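Letter by letter, the chains look like this.
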Amino acid sequence: MHSALPTFMLHRFRWIPVLMLIMAVTFTGCDETIIDPFENDERYFTVYGYLDMLETQHTLRVVPVTRFAEDIESTSGEFDIDAQVYTTDLMTGTRTQWEHTYALLEDGSYGHVFKAQFLVRMGRTYKLEVVRSDGTMTTAETSIPVIHSATLLEKGPVVFEQDSTFIYQDLRIPEITSPWEVNLIYLWSIDGINRRIFVPYGRPGARTDDGWQMRINLSDDQEAVKDNVQWSIDQGWIPNGDTYNVNAMGVQIRILDKNWDPPNGVFDPEVLAQPGVMSNVQNGFGFFGSVGLFIEEWNIADLSTALGHPY
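About the cut-offs
Residues numbered from 1 in each chain as written. Predicted model: local features only at pLDDT ≥ 70, side-chain atom pairs only at ≥ 80, totals over all residues. Heavy atoms only, no water. Helix = DSSP H or I, 4+ residues; strand = E, 2+ residues; numbered from the N terminus. Buried < 20%, exposed > 50% of the residue type's maximum accessible area, 1.4 Å probe, protein only. Contact = heavy atoms within 4.5 Å. Core = buried A, V, L, I, M, F, W, Y, C linked by side-chain atoms within 4.5 Å. Expected span 1.5 Å × (residues − 1). Arc of directions from axis to C-beta. pLDDT = per-residue confidence, 0-100. 1 Å grid on protein atoms, 1.4 Å probe; cavity = no way out; pocket = protein on both sides within 12 Å on 5 of 7 lines; lining within 4 Å. Points joined across faces, edges and corners; volume = space filled by probe spheres on them. Nonpolar A, V, L, I, M, F, W, Y, C, P; charged D, E, K, R; others polar. Pairing = 2+ DSSP bridges. Phe/Tyr/Trp six-rings, centres within 6.5 Å; stacked < 30°, edge-to-face > 60°. Salt bridge = Lys/Arg side-chain N within 4 Å of Asp/Glu carboxyl O. Axes fitted to C-alpha atoms, helices over the stretch in contact; angles between N-to-C directions.

Overview of the overall build of the chain
Argument step 1. Of regular secondary structure, the chain possesses 3 helices and 18 strands.
Argument step 2. Looking at the chain residue by residue over its 311 residues, the buried ones come to 44%.
Argument step 3. Of all intrachain contacts in the chain linking residues separated by at least 6 positions in sequence, the fraction that spans at least 24 positions is 66%.

What follows is the structure, encoded as structure tokens:
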């Protein structure tokens, strides 16, 4: 699977055969009548995957819903899957077929994985179809998140504490109730050379009534800027770092689609492992989502020296 795939997706899938085994033990008595608990209720496949605006190759795991969990120990044809996978851009009607392959899983077995290469467009809705040879299918739709405002963030004052050694700023992010990943951006310049660096923050903060709030630690972030300046000196790209300044900063936010919103905004594996807690799949199980992108930058040249830079 894609390396950035949230672990709760894999966690949920691992519970499926366990739950089916528990059902079998519970409903099978000691008399001569044996009740088969398996009932797929017209659910044909379990799917896990998403579309990413920053990627051109996308990955989807597909698992047939069967009485016994499939244990694929090799990539031979005997473990092939009766499924064709397609996505359709509902604005243009462009339909893309995904290619079947295998992926090595943590337990040493293999899983059915489908891959496709195409550009994902902001604001578009994509329909997933996993089609069996008899025509039955599992489907899902996802709309790529889009923010129409270029100045979305509500920035609090820059606060200097502990004799100005600790500098922070609070941000409110309306409209985005479930950010997946946040990176701070800093732009430093020297003699016409500009460098933009990214400081990973993960998923800090908490949900508000209409969005998200978080705190930026500006003082700690400057170590990443200084490291990048020193690296540029070591590479011979600039003679020294005596006259550089930091003139802008910003926030890059990976946005989850509106269906990909966990209870209370928290990705709790124990909660999400329960069947039906969060799924947008029709005639199947799992989740098919998308990740969008929002970037906003602003000028901070007046803070450069206060943040420990020479100019």
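So that's the structure; there's more coming.
Considering the nonpolar core
Argument step 1. Grouped together as the largest cluster of nonpolar side chains are 33 residues, with contacts concentrated most on Leu184, Tyr186, Trp188, Ile216 and Val251.
Argument step 2. For Val251, the contacting residues outside a window of four places in its chain are Leu153, Leu171, Val182, Asn183, Leu184, Ile185, Ile216, Phe294, Ile295, Glu296 and Trp298.
Argument step 3. Counting residues in each nonpolar core, the second largest holds 21 residues, with Phe45, Leu51, Val85 and Ala140 among its members.

Let's talk about helix α2 (residues 218-234)
Argument step 1. Given a rise of 1.5 Å per residue, 17 residues ought to cover 24 Å, and the 25 Å separating the end C-alpha atoms of α2 matches this to within 8%.
Argument step 2. Taken as a whole, α2 has its buried residues at Leu218, Ser219, Asp221, Gln222, Val225, Val229 and Ser232. All buried residues of α2 project into a common sector of 140 degrees when viewed along the axis, lining one side. Across α2 from its buried face, at more than 90 degrees, point the exposed residues Asp220, Asp227 and Asp234.

A closer look at the confidence of the model for the chain
Argument step 1. Overall, the prediction assigns the chain a mean pLDDT of 84, with 78% of residues at 70 or greater.
Argument step 2. A low-confidence stretch, residues 1-38 (pLDDT under 50), is modelled with 58 contacts involving residues beyond four sequence positions or located in other chains.

Focus: the layout of surface pockets
Empty pockets left among the atoms are what a rolling probe the size of a water molecule brings to light.
Argument step 1. Counted as a void, the second largest pocket has a volume near 250 Å³.
Argument step 2. Together, 14 residues line the second largest pocket, and Pro145, Ile255, Leu256, Asp257 and Lys258 are the ones closest to its centre.
Argument step 3. Each residue belonging to the lining of the second largest pocket can be placed in one class, and the counts come to 7 nonpolar, 3 polar and 4 charged.

Overview of the sheet that holds strand β3 (residues 84-89)
Argument step 1. The strand order across the open sheet built from 5 strands is β4-β3-β7-β8-β17, with neighbouring strands paired in antiparallel fashion. Of all the strands in the sheet, the pair left with one neighbour each is β4 (95-97) and β17 (281-282).

A few points about the packing of aromatic side chains
Argument step 1. Under the counting rule described, the total for this entry stands at 7 aromatic pairs.
Argument step 2. Measuring from centroid to centroid gives 5.5 Å for Tyr50 and Trp260, while their planes differ by 55 degrees, and the two rings are tilted. Taken together, the residues Tyr50 in strand β1 (residues 45-52) and Trp260 in the loop between β16 (245-256) and α3 (269-272) connect sequence positions 210 residues apart.
Argument step 3. Overall, the relative accessible area of 1% leaves Trp260 in the buried class.
Argument step 4. Geometrically, the ring pair formed by Trp260 and Phe287 is tilted, given 5.4 Å between the ring centres and 45 degrees between the ring planes. With a gap of 27 residues between them, Trp260 in the loop between β16 and α3 and Phe287 in strand β18 (residues 284-299) connect regions that are remote in the sequence. By the burial criterion, Trp260 is buried, and Phe287 matches it.
Argument step 5. Members of the aromatic cluster, each reached through a chain of ring pairs, are Tyr50, Trp260 and Phe287.

Focus on the pattern of salt bridges
Between side chains of opposite charge, a pair can form as their charged atoms come close.
Argument step 1. Scanning all chains against the criterion turns up 9 salt bridges.
Argument step 2. Of the charged contacts, one joins Arg132 and Asp134 as a salt bridge, the two residues approaching to 2.7 Å between their closest N and O atoms.
Argument step 3. Arg132 sits in the partly exposed class, given a relative accessible area of 26%.
Argument step 4. Close ionic contact of Asp170 with Arg215 constitutes a salt bridge, the shortest N to O distance being 2.7 Å. Of this pair, Asp170 sits in strand β11 (residues 166-174) while Arg215 sits in strand β15 (residues 211-217); the two residues are 45 residues apart in sequence, bridging distant segments of the chain.

Quick notes on the sheet that holds β16
Argument step 1. Reading across from one edge, β5-β6-β2-β1-β18-β16-β12-β13 is the order of the 8 strands in this open sheet, with mixed pairing throughout. Of all the strands in the sheet, the pair left with one neighbour each is β5 (99-104) and β13 (193-202). The average angle at which neighbouring strand axes cross in this sheet is 25 degrees, direction not considered.
Argument step 2. Bridge analysis of strand β12 (residues 179-190) against β16 gives 10 bridges, and the strand direction is antiparallel. Paired with Glu181 across the strands is Arg254, a residue of β16.
Argument step 3. Most of the contacts of α2 go to β12, to which it runs at about 55 degrees, and overall it touches β12, β13 and β16.

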